[in-house]
Amino acid sequence: VGHCHPDIVKAAHEQNQLLNTNSRYLHDNLVDYAERLSETLPEKLCIFYFLNSGSEANDLALRLARQYTKHEDVIVLDHAYHGHLTSLIDISPYKFRNLEGQKEWVHVAPVPDTYRGLYREDHKDSVTAYADEVKNIIEQAHKRGRKIAAFFVESLPSVGGQIIPPAGYFQKVAEHVHKAGGVFIADEIQVGFGRVGKHFWAFQLQGEDFIPDIVTMGKPIGNGHPLACVATTKEIAEAFAATGVEYFNTFGGNPVSCAIGLAVLDVIEKEQLQAHATEVGNFLMKLLKEQQIKHPIIGDVRGCGLFIGVDLIKDQAE
């Protein structure tokens, strides 16, 4: 919501003067904040875990998925990056290809990129073709006696090249993943909180009928303050609690962080930042498309709200 936004600074300062504790101590801010966040999400996603970073959120999402499904394997998209913890480097092709390589429990699906990818704009049904790639991965894994815990994906792949997956892709993938006993995890760390303009969450671009099983949040959630969240269903949370090993995070959901989180939501609403992202994004896209006509080096301009990618190329045909 902008550098040193006065409303955020004020919320942090006021709460700091009153009380900041570790989250063993109950405080209204945590409940108020969870309720406010729940208003932005589908009803099914009603349990919230608060943490300090997007990496922590994605690591917890992985644990939730494995505990709920009792499976280990994870499917990710090529070029993906999900965080800096060991567990997340393992599911980030962007990183592991330069490090120890791919673990046997990790499966990499092609990015649903209709510009440079396997199946392009001229393909008769790129949505099904890309989803079938995931289905094939599941079948191959099953033949090797492996079981899928989760399909882990950024709602809009960012490090992978600012890709806009074709609408309907997530629904078809979720069908294959659920059938295999896995869950669908939507990483909204870079693209959530109204950045895409027309929706609060980027996964909503896929259509009203699509709801992930787990959503992770970070980066903009606290406007630069270390704050993150995992939202999930009652069933998944109950399976996680059933281990008897409670989840505890010393400062995840502390009163100051939650005061800041609430203030961020207030500012987004008050200053109509979602509509702003749409308007400015459309304006920028229009200008970029004008440049595209003039310069053959610009192969593709794509985006949604303030999530925009420009592909620079050597050859239009290739």
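Residues numbered from 1 in each chain as written. Predicted model: local features only at pLDDT ≥ 70, side-chain atom pairs only at ≥ 80, totals over all residues. Heavy atoms only, no water.

Quick look at the overall build of the chain
Logical step 1: Across its full length, the chain carries ten helices and nine strands.
Logical step 2: The principal-axis extent of the C-alpha atoms belonging to the chain is close to 65 × 50 × 40 Å.
Logical step 3: The burial tally for the chain puts 51% of its 318 residues in the buried class.
Logical step 4: The contacts of the chain with a sequence gap of at least 6 include a subset with a gap of at least 24, amounting to 72%.
Logical step 5: Seen as two clouds, the 30 positive and the 41 negative side-chain charges of the chain have centres 5 Å apart. (Helix = DSSP H or I, 4+ residues; strand = E, 2+ residues; numbered from the N terminus. Buried < 20%, exposed > 50% of the residue type's maximum accessible area, 1.4 Å probe, protein only. Contact = heavy atoms within 4.5 Å. Lys, Arg positive; Asp, Glu negative; His and termini not counted. Charge placed at Lys NZ, Arg CZ, Asp CG, Glu CD.)

Thoughts on the pattern of salt bridges
Logical step 1: Overall, the coordinates contain 15 salt bridges when judged by the stated rule.
Logical step 2: With a closest N to O distance of 2.6 Å, Asp7 and Lys270 form a salt bridge. Of this pair, Asp7 sits in helix α1 (residues 6-18) while Lys270 sits in helix α9 (residues 255-270); the two residues are 263 residues apart in sequence, bridging distant segments of the chain.
Logical step 3: For Asp7, a relative accessible area of 28% puts it in the partly exposed group.
Logical step 4: As a salt-bridge pair, Asp300 and Arg302 come within 2.6 Å of each other at their nearest N and O atoms. You'll find Asp300 and Arg302 in the same group, each marked buried.
Logical step 5: Among the ionic contacts, a cluster of salt bridges with common partners joins Glu72, Asp73, Glu104 and Arg146. (Salt bridge = Lys/Arg side-chain N within 4 Å of Asp/Glu carboxyl O.)

Quick look at the domain arrangement of the chain
Much of the literature gives interface size as the accessible area that the parts lose upon coming together.
Logical step 1: Here the chain is partitioned into domain 1 (8-271) and domain 2 (276-312).
Logical step 2: Relative to domain 2, the C-alpha centre of domain 1 lies at a distance of 26 Å.
Logical step 3: Buried surface at the junction of domain 1 and domain 2, both sides included, amounts to about 1200 Å², of which 59% is carbon and sulfur.
Logical step 4: In terms of surface lost to domain 2, no three residues of domain 1 exceed Tyr115, Gln162 and Arg195, which account for 45% of the buried area on that side.
Logical step 5: Put simply, domain 1 and domain 2 have one salt bridge between them.
Logical step 6: Between Asp311 and Arg116 there is a salt bridge, with the nearest N and O atoms lying 2.9 Å from each other.
Logical step 7: Between the two partners, domain 1 and domain 2, sit eight residue pairs in polar contact (both at pLDDT 80 or more). (Domains from an automatic or database assignment. Buried area = accessible area lost by both parts, 1.4 Å probe. Polar contact = N/O pair within 3.5 Å; in protein donor to acceptor, adjacent residues only side chain to side chain.)

Quick look at the packing of aromatic side chains
Logical step 1: A full pass over the atoms with the stated rule returns 15 aromatic pairs.
Logical step 2: Here Tyr119 and Tyr130 contribute two aromatic rings whose centre-to-centre distance is 5.0 Å and whose plane-to-plane angle is 75°, an arrangement assigned as edge-to-face. Taken as a pair, Tyr119 in the loop between β3 (106-109) and α6 (126-143) and Tyr130 in helix α6 lie far apart in primary sequence, eleven residues in all.
Logical step 3: With a centroid separation of 5.8 Å and 50° between ring planes, the pair formed by Tyr169 and Phe170 is classed as tilted. The pair Tyr169 / Phe170 is uniform in exposure class, with both members buried.
Logical step 4: In textbook terms, an aromatic cluster arises when at least three aromatic residues are bridged by ring pairs, as seen for Phe151, Tyr169, Phe170, Phe184, Phe203 and Phe210.
Logical step 5: Lying across the ring of Phe248, Arg24 places its NZ or CZ 3.8 Å from the centre. (Phe/Tyr/Trp six-rings, centres within 6.5 Å; stacked < 30°, edge-to-face > 60°. Lys NZ or Arg CZ within 6 Å of the ring centre and 35° of its normal.)

Focus on the side chain of Gln162
Logical step 1: Assignment of secondary structure puts Gln162 in the loop between β4 (148-154) and α7 (169-179).
Logical step 2: In this structure Gln162 comes out as buried when scored by relative accessible area, which is 18%.
Logical step 3: Within the structure, Gln162 has its side chain in polar contact with the backbone oxygen of Ile308 (distance 3.3 Å).
Logical step 4: Among residues more than four places away in sequence, those in contact with Gln162 are Pro157, Arg195, Arg302, Phe307, Ile308 and Gly309.

Comments concerning the sheet that holds strand β1 (residues 47-51)
Logical step 1: Within the open sheet, the seven strands sit side by side as β1-β7-β6-β5-β4-β2-β3. Their pairing is mixed. Single-partner strands in this sheet number two, and they are β1 and β3. For this sheet, the mean angle separating the axes of adjacent strands, direction not counted, is 20°.
Logical step 2: Sitting on the sheet, α6 is in contact with β2 (73-77), β3 and β4, with an inclination near 155° to β3.
Logical step 3: Of the strands in this sheet, β2, β4 and β5 (183-187) are in contact with α7, which crosses β5 at around 140°. (Pairing = 2+ DSSP bridges. Axes fitted to C-alpha atoms, helices over the stretch in contact; angles between N-to-C directions.)

Some words on the nonpolar core
Logical step 1: Of all hydrophobic cores here, the largest spans 53 residues; its most connected members are Phe151, Tyr169 and Met217.
Logical step 2: For this core, the element with the most residues is α9, which contributes nine residues.
Logical step 3: If we skip the residues at most four places from it in the chain, Phe151 touches Ile75, Leu77, Val134, Tyr169, Val173, Val177, Val183, Phe184 and Ile185.
Logical step 4: Residues Leu62, Val76, Val106 and Ala237 belong to the second largest nonpolar core, which totals 25 residues. (Core = buried A, V, L, I, M, F, W, Y, C linked by side-chain atoms within 4.5 Å.)

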